[in-house]
Amino acid sequence: MTCAFEPTEGRFVASGGLDNTVSLYHVAVGEEAEQAQDEDAILLRGHEGYVSCCQFLSPQQVLSSSGDTTVILWDVGTQQVTMQKL
């Protein structure tokens, strides 16, 4: 239902939808592309409803909103919730 590109460093694309999860995929070109193919997506789970929107605030922060009426600020490095609001 949503996707966002991390524009500062260009390392990630985030997506979210009906699985209630924000998925972060590594973006790479050239030699880095082969290594990135071996890496699994980072899955950020914390919403109880579909993910309706996601947006990078910085290379280390993703904001997501959900049909469960919550907004979560994620730390990409730790893969943890930084802040959650109803």
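Residues numbered from 1 in each chain as written. Predicted model: local features only at pLDDT ≥ 70, side-chain atom pairs only at ≥ 80, totals over all residues. Heavy atoms only, no water.

**Quick word on the environment of Glu-39**
Relative to the helices and strands, Glu-39 resides in the loop between α1 (31-38) and β4 (42-45). Put simply, Glu-39 and Tyr-25 are 14 residues apart on the chain and 8.7 Å apart in space, counted from C-alpha to C-alpha. (Helix = DSSP H or I, 4+ residues; strand = E, 2+ residues; numbered from the N terminus.)

**Focus: the sheet that holds β4**
Spatially, β1-β2-β3-β4 is the arrangement adopted by the four strands of the open sheet, whose pairing is antiparallel. Each having just a single partner strand, β1 (2-5) and β4 make up the two edges of the open sheet. The average angle at which neighbouring strand axes cross in this sheet is 20°, direction not considered. For strand β3 (residues 21-26) and β4, the ladder comprises four bridges, and the chain directions are antiparallel. Among the inter-strand pairings, Leu-24 is bridged to a residue of β4, identified as Ile-42. (Pairing = 2+ DSSP bridges. Axes fitted to C-alpha atoms, helices over the stretch in contact; angles between N-to-C directions.)

**A closer look at the sheet that holds strand β5 (residues 51-58)**
Taken together, four strands build an open sheet; the order of strands is β5-β6-β7-β8 and the sheet is antiparallel. Looking along the sheet, the strands with just one partner apiece sit at the ends: β5 and β8 (80-85). Ignoring strand direction, the axes of neighbouring strands in this sheet form an average angle of 20°.

**Focus on the pairing of strand β6 (residues 61-66)**
As a general feature of sheets, a regular strand has side chains that alternate between the two faces. Only one face of β6 is covered, namely the face carrying Val-62, Ser-64 and Ser-66; the face carrying Gln-61, Leu-63 and Ser-65 is uncovered. Inspection of the sheet shows β5 paired to β6 by six bridges, in the antiparallel sense. Its bridge partner being in β6, Val-51 is matched across the sheet by Ser-66. Between β5 and the antiparallel strand that follows it, β6, lie two residues. Where β6 meets strand β7 (residues 71-75), five bridges bridge the pair, whose relative direction is antiparallel. Note that in β7 the partner of Ser-65 across the bridge is Val-71. The antiparallel pairing of β6 with β7 creates a hairpin that spans four residues between the two strands, and Thr-69 there sits at a positive phi of about 70°. (Buried < 20%, exposed > 50% of the residue type's maximum accessible area, 1.4 Å probe, protein only.)

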